[in-house]
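# Survey of secondary and tertiary structure
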Amino acid sequence: MLILDCDGVVIDSEVISAETLIALLSGWDIQIDVAFVREHFLGRSFPTVAGCVYDLFGVRLPARFESDYRQRLFETFETDLRLVAGVEALLDHLTVPFCIATSSSPIRVARSLELTGVRARFGDRVFTASEVAHGKPAPDLFLHAARKMNAAPDKCLVVEDSSVGLQAALSADMHAAWFTGGAHMRKMADTDIEIAGFPKGPHFKVSAFDELFDHAPGIGRRPDGEVHGS
């Protein structure tokens, strides 16, 4: 089974999300940049991000902050949100079950998939951190998705763009692919990768979806028609 993260893997939303968060936090005299967001917030749920803001800056964000952030984010999504290049071709050529497992809220992931025209392709096979006790980097979300999909963890391949997501997949004893094809990752230098804490463990790196077929036997048929794996 293939488990896909949503933001930065299915939808190219991470740059939009980072810029929106940076702008709103500046109103609370918190000055950060995209590299900071990538290092500390990428792949985490909003409650976790709010907790990090308090731990790092001593600022307790008000309850309305999340709704203000979501409103501004959705306004930008309406005009700027796109799918990550190649994801539809990937879905077209898979011969294994697939799903989404994301730290995003249910309302955000639903709207994102609707705006980009792929909501029906995933149906009810979308699982969020709100359904488990502990989000990424804990393995709970991926194990929950595997149970719901009746798949053994060692038969799952997780495609993630974040350090915490990769850690979660590896902690769940799943195979992991680090995807760097999103707009927020394409210019990430090796030194930045090390600073951001990306695990060096048993996973492979792909910058485009068709590379998954080269690394993962049996997930499907490449767009060029060549079958990989048994």
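The following paragraphs examine the structure supplied in this document. (Residues numbered from 1 in each chain as written. Predicted model: local features only at pLDDT ≥ 70, side-chain atom pairs only at ≥ 80, totals over all residues. Heavy atoms only, no water.)

On to the layout of surface pockets, then. The calculated volume of the largest pocket comes to roughly 570 Å³. Along the walls of the largest pocket sit 32 residues, with Arg44, Ser45, Phe46, Ser103 and Ser104 positioned nearest its centre. Elements represented by at least two residues in the lining of the largest pocket include exactly helix H1 (14–26), helix H3 (46–57), helix H4 (64–80) and helix H6 (106–115). When the residues that make up the lining of the largest pocket are grouped by side-chain class, the tally is 14 nonpolar, 10 polar and 8 charged. Estimates place the volume of the second largest pocket at around 220 Å³. Among the residues forming the lining of the second largest pocket, the class breakdown is 9 nonpolar, 3 polar and 2 charged. (1 Å grid on protein atoms, 1.4 Å probe; cavity = no way out; pocket = protein on both sides within 12 Å on 5 of 7 lines; lining within 4 Å. Points joined across faces, edges and corners; volume = space filled by probe spheres on them. Helix = DSSP H or I, 4+ residues; strand = E, 2+ residues; numbered from the N terminus. Nonpolar A, V, L, I, M, F, W, Y, C, P; charged D, E, K, R; others polar.)

Once that is clear, we can look at empty space enclosed by the protein. By the definition in use, this model includes 1 cavity of 30 Å³ or more. Of the pockets and cavities examined, the largest cavity occupies roughly 60 Å³. Forming the boundary of the largest cavity are Glu14, Val15, Ala18, Val34, Val37, Arg38, Leu42 and His184. Among the elements of the structure, H1 and helix H2 (34–40) are those that each provide at least two residues to the lining of the largest cavity. Among the residues making up the lining of the largest cavity, the classes are represented as 5 nonpolar, 1 polar and 2 charged.

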